[in-house]
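Letter by letter, the chains look like this.
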Amino acid sequence: MKRSYSSLKSQASKRLKTKVDSLKTQSSLNFLVEQSKNAFIRYLRMPPIFFKHQLYSHEPNSRTLIDCELQNMFQQNQIRLFHSDFGIMLMFTSDYQLLIEQQLLNSNRLKQHFIDNVLPKSIRLSTEKNALENNFQMNTNDINLLIQSGLLLPKESDQYWFSIPGLAPLVRCVEKGRRILLQMLARRTYREMSMNEFRQRDTKKHCLLGFEYHIHDLIGANLAHIIDTPTGSVVRIGGEKN
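Now for a description of the structure that goes with this document.

**Some thoughts on the nonpolar core**
With 48 residues, the main nonpolar core has Ile49, Tyr96, Phe114, Met138, Ile164 and Leu170 as its most contacted residues. Here this core takes 6 residues from helix H2 (residues 23–44), the largest share from any one element. Residues within four places of Met138 in sequence aside, it is in contact with Leu110, His113, Phe114, Val118, Leu132, Glu133, Ile143 and Leu146. In this structure, Leu185, Met195, Leu218 and Ala224 belong to the second largest nonpolar core, which totals 15 residues.

**A word on the packing of aromatic side chains**
Under the defined criterion, the tally for this structure stands at 7 aromatic pairs. For the ring pair Phe40 and Phe50, a centre distance of 6.4 Å and an interplane angle of 70 degrees mean the geometry is edge-to-face. You can see Phe40 sitting in helix H2 and its partner Phe50 sitting in strand E1 (residues 50–51), a full 10 residues away along the chain. Here Phe40 and Phe50 have matching classes, each one buried.

**Concerning the sheet that holds strand E5 (residues 152–156)**
One key point about sheets: their strands pair by backbone hydrogen bonds, in either a parallel or an antiparallel sense. Strand order in this open sheet of 3 strands is E4-E6-E5, and the pairing throughout is antiparallel. Bordering the open sheet on either side are strand E4 (126–128) and E5, each of which pairs with just one other strand. Along the sheet, successive strands turn relative to each other by an average axial angle of 35 degrees, direction set aside. Judged from the 3 bridges that link them, E4 and strand E6 (residues 159–162) form a sheet pairing that is antiparallel. Paired with Ser126 across the two strands is Trp161, which belongs to E6.

Each value, and the rule that gives it
In this numbering scheme, every chain counts its residues from 1 along its sequence in written order. Per-residue local features are limited, in this predicted model, to residues with pLDDT of at least 70; the limit for side-chain atom pairs, both in listing and counting, is 80 or more; totals at the level of whole chains, interfaces and linings are taken over all residues. The basis for every side-chain value is the complete set of non-hydrogen atoms in the structure, without hydrogens or water. Residues belong to one nonpolar core when they are buried, are Ala, Val, Leu, Ile, Met, Phe, Trp, Tyr or Cys, and are joined through side-chain atoms within 4.5 Å. Each residue is assigned to one of three classes by its accessible area relative to the maximum for its type, calculated with a 1.4 Å probe on protein chains only: buried under 20%, partly exposed between the two thresholds, exposed over 50%. Helical segments are the DSSP runs of H or I of at least four residues, strand segments are the runs of E of at least two, and each set is numbered from the N terminus. The contact criterion used is simple: two residues touch if any of their non-hydrogen atoms lie within 4.5 Å. Working definition: a ring pair exists when centres of Phe, Tyr or Trp rings (six-membered ring for Trp) sit within 6.5 Å. Plane angles under 30 degrees give stacked, over 60 give edge-to-face, the rest tilted. Pairing between two strands is assigned when DSSP locates at least 2 bridges connecting them. To get an axis, fit a line to the C-alpha atoms, keeping to the stretch in contact for a helix; angles then go from 0 to 180 degrees between the N-to-C directions.

In C-alpha cells form, the structure reads like this:
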C-alpha cells in the first residue's frame, strides 16, 4: 500500500521503540528524529534527513563507534548514506523508500526493482552504469528516469551518486540556520553564549528544524564548539582548537 507524508509521524514513533544493535548511534538518531520530525513534515514536506557530523556533535567522544555502527546499519539496509557538499547525509531506508514511491509514481516496475533489489545490494554511496546494466538488468531509459527523478546524480563518466530528490529547501534551511546562529554568537563580546541562554533565544522563525537540529549541525560542522565550565556548557564561535 502506498504511503504518504501523513504517515511519517506514526512511522517515526514506531521507530523510536525499535531495538537494534547500534545502540549509541540509534539513540542519537532517535533524539534528532524526535526533535525535528514534525518540522520536516510541516516545513519541508519530506522525511527527516541528518548529517553524520550531527551525530559526532551529539556523541563527541564516540566518532569511531558511530562510524562503525552507521556502517553496520547501512549494511543491514536500515539507513541510507549519501554524499553531499555539506558532508555525509543519512536517512532511514523506509523514509527513502517513501521518496522513491513519490518520485516513481508512474513506473511501478522500476520503483519496486530499485527498492527491492538495487538498494539492498548497493551498500555504497555511488554506483556505476555497468553495475546497473549487468547486475540489475537496467536499460538506458531506466537510468535516465532515475536521474530525472533525482534518485541518481551523475558523478563521473558512467558513475552516479545515489541521491535524495528535492534537497534544495533543506540546503537553504540549513544555510540560514547556520547564518543566524553564527550572527547571534558574533554579536557577543567574547563570541560565546551559554547553552542554556542559547536555547532560550527566539530562533523558531529562522531555525525551522528546531534548535537542537541546527546547533548540532553548527557544532558538528566545526563552525562552533562547546566549552565545559563549572556553570554549564558554553557555545563559542569557531572550530575547536587541538
